[in-house]
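Below, each chain spelled out in residue letters.
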Amino acid sequence: MPRYGSLRSGLLIALSTVLLGFTATASAVSGATTASGSSTTATLGEALSASTPEQKELSAHLRARGAVFYGAWWCPACFQQKNLFGKEGGNSLPYVECDKTDDGRSRCMAAQIRAFPTWDLAGKERREGVQTIEELKVWSGFSGAAKPSQP
């Protein structure tokens, strides 16, 4: 009898994970876009608030440095990671979707991705799990938001 209880628990956990992923990505069809006209993270859903200038600058900095954010459409932690950048910054993150297409799955397997989200940057230690904005600033060498000029 205990054998069936653990099987049932495993199935419930798997089903819950899938349903949470659908919930987290339900807003993906809302048409989130970047300045180029398309979201790099559309499969993760729409972030909940507008980006600050610093969030947008950090997103652009990560992209310029060649950082890569690996994730999966069903991953609540990946949506949480994107949401830390706000709408505009989150939509322009250098994102690779690991579970929608064969190309994405192949790219993530080649990169030996073991957990979501994962951040990679040449010359830096790989980061797994949700990273704070401050952690990503330090990790990527971000010098800070541009300061407004003083009169």
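Refer to the structure above for everything that follows.
Keep in mind that what you see is a predicted model, and the values were worked out from it rather than measured. (Residues numbered from 1 in each chain as written. Predicted model: local features only at pLDDT ≥ 70, side-chain atom pairs only at ≥ 80, totals over all residues. Heavy atoms only, no water.)

**Topic: the overall build of the chain**
Stage number 1. Broken down by element type, the chain carries 6 helices and 4 strands.
Stage number 2. The order of α-helices and β-strands along the chain, N terminus first, is α-α-β-α-α-β-α-β-β-α.
Stage number 3. The buried share among the 151 residues of the chain stands at 38%.
Stage number 4. Residue pairs at least 24 apart in sequence account for 73% of intrachain contacts in the chain once pairs closer than 6 positions are excluded. (Helix = DSSP H or I, 4+ residues; strand = E, 2+ residues; numbered from the N terminus. Buried < 20%, exposed > 50% of the residue type's maximum accessible area, 1.4 Å probe, protein only. Contact = heavy atoms within 4.5 Å.)

**Quick word on the nonpolar core**
Stage number 1. With 17 residues, the main nonpolar core has Leu58, Leu62, Phe69, Phe85, Trp119 and Trp139 as its most contacted residues.
Stage number 2. For this core, the elements supplying multiple residues, two or more each, are α2 (53-65) and α6 (133-140).
Stage number 3. When residues of this core are assigned to their parent elements, the largest contribution, 3 residues, is made by α6.
Stage number 4. Those residues in contact with Leu58 that sit more than four places away from it in its chain are Phe85, Ile133, Leu136, Lys137, Ser140 and Phe142.
Stage number 5. Membership of the second largest hydrophobic core comes to 7 residues, among which are Val96, Cys98, Ala111 and Ile113. (Core = buried A, V, L, I, M, F, W, Y, C linked by side-chain atoms within 4.5 Å.)

**Notes on the environment of Thr132**
Stage number 1. Relative to the helices and strands, Thr132 resides in the loop between β4 (127-128) and α6.
Stage number 2. Sequence separation between Thr132 and Gln81 is 51 residues; the distance between their C-alpha atoms is 7.9 Å.

**Observations concerning the packing of aromatic side chains**
Stage number 1. Tallied over the full model, the rule gives 5 aromatic pairs.
Stage number 2. Each ring, one from Phe69 and one from Trp119, has its centre 4.9 Å from the other, and the planes form 15 degrees; the classification is stacked. In this pair, Phe69 is assigned in strand β1 (residues 68-71) and Trp119 in strand β3 (residues 118-120), connecting sequence segments 50 residues apart. Each member of the pair Phe69 and Trp119 is classed as buried.
Stage number 3. Ring centres 6.4 Å apart and planes at 40 degrees place the aromatic pair Phe85 and Trp119 in the tilted group. Of the two residues, Phe85 sits in the loop between α3 (76-83) and α4 (86-91) while Trp119 sits in strand β3, which places them 34 residues apart along the sequence. (Phe/Tyr/Trp six-rings, centres within 6.5 Å; stacked < 30°, edge-to-face > 60°.)

**Overview of the pattern of salt bridges**
Side-chain pairs of opposite charge can arise where the charged atoms are in close proximity.
Stage number 1. Following the criterion strictly, the structure yields 6 salt bridges and no others.
Stage number 2. For Arg105, the salt bridge is made with Asp99, and the minimal N-O distance between the two is 3.5 Å.
Stage number 3. Accessibility expressed as a relative area gives 29% for Arg105, which makes it partly exposed.
Stage number 4. Judged by its relative accessible area of 28%, Asp99 is partly exposed.
Stage number 5. Ionic pairing is found between Arg105 and Asp102, a salt bridge with its closest N-O pair at 2.9 Å. (Salt bridge = Lys/Arg side-chain N within 4 Å of Asp/Glu carboxyl O.)

**Let's talk about the sheet that holds β4**
Stage number 1. Taken together, 4 strands build an open sheet; the order of strands is β2-β1-β3-β4 and the sheet is mixed. The open sheet has two free edges, formed respectively by β2 (95-97) and β4, since each of these has just one partner strand. (Pairing = 2+ DSSP bridges.)

**Some points on the pairing of β1**
When a strand is regular, its side chains alternate between the sheet's two faces.
Stage number 1. The side-chain alternation of β1 yields two buried faces, one formed by Val68 and Tyr70 and the other by Phe69 and Gly71.
Stage number 2. Relative to β3, β1 is paired through 3 bridges, and the arrangement is antiparallel. Each residue of the ladder has a partner; that of Val68, found in β3, is Asp120.
Stage number 3. Where β1 lies against β2, 3 bridges are found, and the strand directions are parallel. Paired with Tyr70 across the bridge in β2 is Val96.

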